[in-house]
Amino acid sequence: MNPGNAGGPGEDGIGVRDVAESWEVSASVDRFAGRVITVRTDTVAMPGGVTADRDYAVHPGSVGVLALDDADRVLLIRQYRHPVRRLLWELPAGLRDVPGEPLVDCAARELAEEAGYRARIWHTLVDLYTSPGMTDERIRVFLARDVEPIPEEENTFVRSHEETDMPAVWIPLAEAVDTALTGMIHNSPAVAGILAAYAASADGFKGLRPADAPEA
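Treat the numbers as computed from the prediction; the structure is a model and nothing was measured.

Cut-offs applied
Residues numbered from 1 in each chain as written. Predicted model: local features only at pLDDT ≥ 70, side-chain atom pairs only at ≥ 80, totals over all residues. Heavy atoms only, no water. Helix = DSSP H or I, 4+ residues; strand = E, 2+ residues; numbered from the N terminus. Contact = heavy atoms within 4.5 Å. Phe/Tyr/Trp six-rings, centres within 6.5 Å; stacked < 30°, edge-to-face > 60°. Buried < 20%, exposed > 50% of the residue type's maximum accessible area, 1.4 Å probe, protein only. Pairing = 2+ DSSP bridges. Axes fitted to C-alpha atoms, helices over the stretch in contact; angles between N-to-C directions. Salt bridge = Lys/Arg side-chain N within 4 Å of Asp/Glu carboxyl O. Arc of directions from axis to C-beta. Parallel < 35°, antiparallel > 145°, perpendicular 65-115°, else oblique. Left-handed = near helix turned anticlockwise from the far one by under 90°.

We now examine the environment of His59. Along the polypeptide, His59 turns up in the loop between β3 (50-58) and β4 (62-67). Sequence-distant contacts of His59, that is, excluding residues within four places in its chain, are made with Val36, Ile37, Leu95, Thr135, Asp136 and Glu137.

A few words on the packing of aromatic side chains. Ring pairs (aromatic) are described by centroid distance and by the angle formed between their planes. Throughout the structure, instances matching the rule amount to two aromatic pairs. Aromatic side chains Tyr117 and Trp170 sit 5.3 Å apart centroid to centroid with 75° between the ring planes, which places their arrangement in the edge-to-face category. Here Trp170 lies in strand β10 (residues 168-172) and Tyr117 lies in strand β8 (residues 117-129), a separation of 53 residues in the sequence. We classify Trp170 as buried; its relative accessible area is 19%. With a centroid separation of 6.2 Å and 80° between ring planes, the pair formed by Trp122 and Phe142 is classed as edge-to-face. Within this pair, whereas Trp122 is found in strand β8, its partner Phe142 is found in strand β9 (residues 138-149), the two being separated by 20 residues in sequence.

We now examine the sheet that holds β3. One open sheet accounts for three strands, arranged β1-β2-β3; its pairing is antiparallel. A strand with exactly one partner marks an edge of an open sheet, and here the two such strands are β1 (25-33) and β3. Adjacent strand axes in the sheet meet at a mean angle of 20° when their direction is disregarded. Bridge count for β1 against strand β2 (residues 38-46) is seven bridges, and the pairing is antiparallel. For Asp30, the partnering residue across the bridge sits in β2 and is Arg40.

Once that is clear, we can look at the pattern of salt bridges. All told, the structure shown has 13 salt bridges when counted by the stated rule. Arg73 serves as the salt-bridge partner of Asp69, at 2.7 Å between the closest nitrogen and oxygen. Of the charged contacts in the structure, one is a salt bridge between Glu148 and Arg118, with a shortest N-O distance of 2.9 Å. Of the two residues, Glu148 is situated in strand β9 and Arg118 in strand β8; the sequence distance between them amounts to 30 residues. Among the charged side chains, a network of salt bridges with common partners joins Asp97, Glu101, Arg109 and Glu110.

Residues in a regular strand project their side chains so that they alternate between the two faces of the sheet. As defined by bridge partners, strand β5 (residues 73-81) adjoins strand β6 (residues 86-90) across five bridges and the pair is classed as antiparallel. When the sheet's bridge partners are listed, Ile77 is paired in β6 with Glu90.

As a further point, take helix α2 (residues 173-181). The set of residues buried in α2 consists of Leu173, Ala176, Val177, Thr179 and Ala180. The arc enclosing the buried residues of α2, seen along the axis, measures out at 160°, which places them on a common side. The elements touched by buried residues of α2 are β5, β10 and α3 (188-200). Gly183 sits one or two residues past α2 and shows a positive phi near 75°.

This part covers the packing of α2 against α3. Where α2 meets α3, the axes come as close as 9 Å, and the angle between the chain directions of the two elements is 135°. The orientation of α2 relative to α3 falls into the category oblique. In the crossing of α2 with α3, the sense of the turn from one axis to the other is left-handed. Residues Leu173, Ala174, Ala176, Val177, Ala180 and Leu181 of α2 form the contact with α3, whose participating residues are Val191, Ile194, Leu195, Ala197 and Tyr198.

Okay, the side chain of Glu110 next. Here Glu110 shows up in helix α1 (residues 103-115). Residue classification places Glu110 among the buried residues on the basis of a relative accessible area of 6%. Ignoring anything within four residues of it in the chain, the contact list for Glu110 reads Val63, Pro92, Ala93, Gly94, Leu95 and Ala115.

Let us look at the sheet that holds β6. Neighbouring strands of a sheet are bound in pairs by backbone hydrogen bonds; such pairs are parallel or else antiparallel. Read from one edge of the open sheet, three strands run β6-β5-β10, paired in antiparallel fashion. Strands with a single pairing partner mark the edges of an open sheet, and in this sheet they are β6 and β10. Across the sheet, the mean angle separating the axes of adjacent strands is 30° when strand polarity is ignored. Sheet strands in contact with α2 are β5 and β10, and its direction is about 100° off that of β10.

See the structure below:
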């Protein structure tokens, strides 16, 4: 893996790399404001001189953690997700809800709070927009290695609501890939993180970006 070669021209000469772009917005109306998200309607200028309304959820962003132990096992936790009415196997993850906090620190906090682990080695694994047709939420998934459980007396975080009962399992990375490819798990950061970790393991994770790599 060589990130320096990414973004080169494809067969049609267009560089395969996401770029910033913002079409003109002539009106913007907030339809709903909740604890985490705001639902907004923008009137957007379209090609051909017409406009169209686009509804989307404004989200603060999030982080996720693909924790990998010395036996190449992935840590998954199970959480109830009401919108889809399912118990989903996921990576430890959480909101970017502390202003100015480095993303890797946010990820370390979530790993500690949701799973009770800490890690000594951190890399940026993959960046993604969770559902760009309906929300601006972006998530950075980190790879955490050299992990160890946090002693009970040091972990004072009290879980609540959906996090009260979250079983955790360690499964081999190759088995985790199978769960993703056979449709056994559906959480998008978990699927993306597992597949990215498997691909990155080919060169011993040497091609990964540092934990503090900027978001493009």
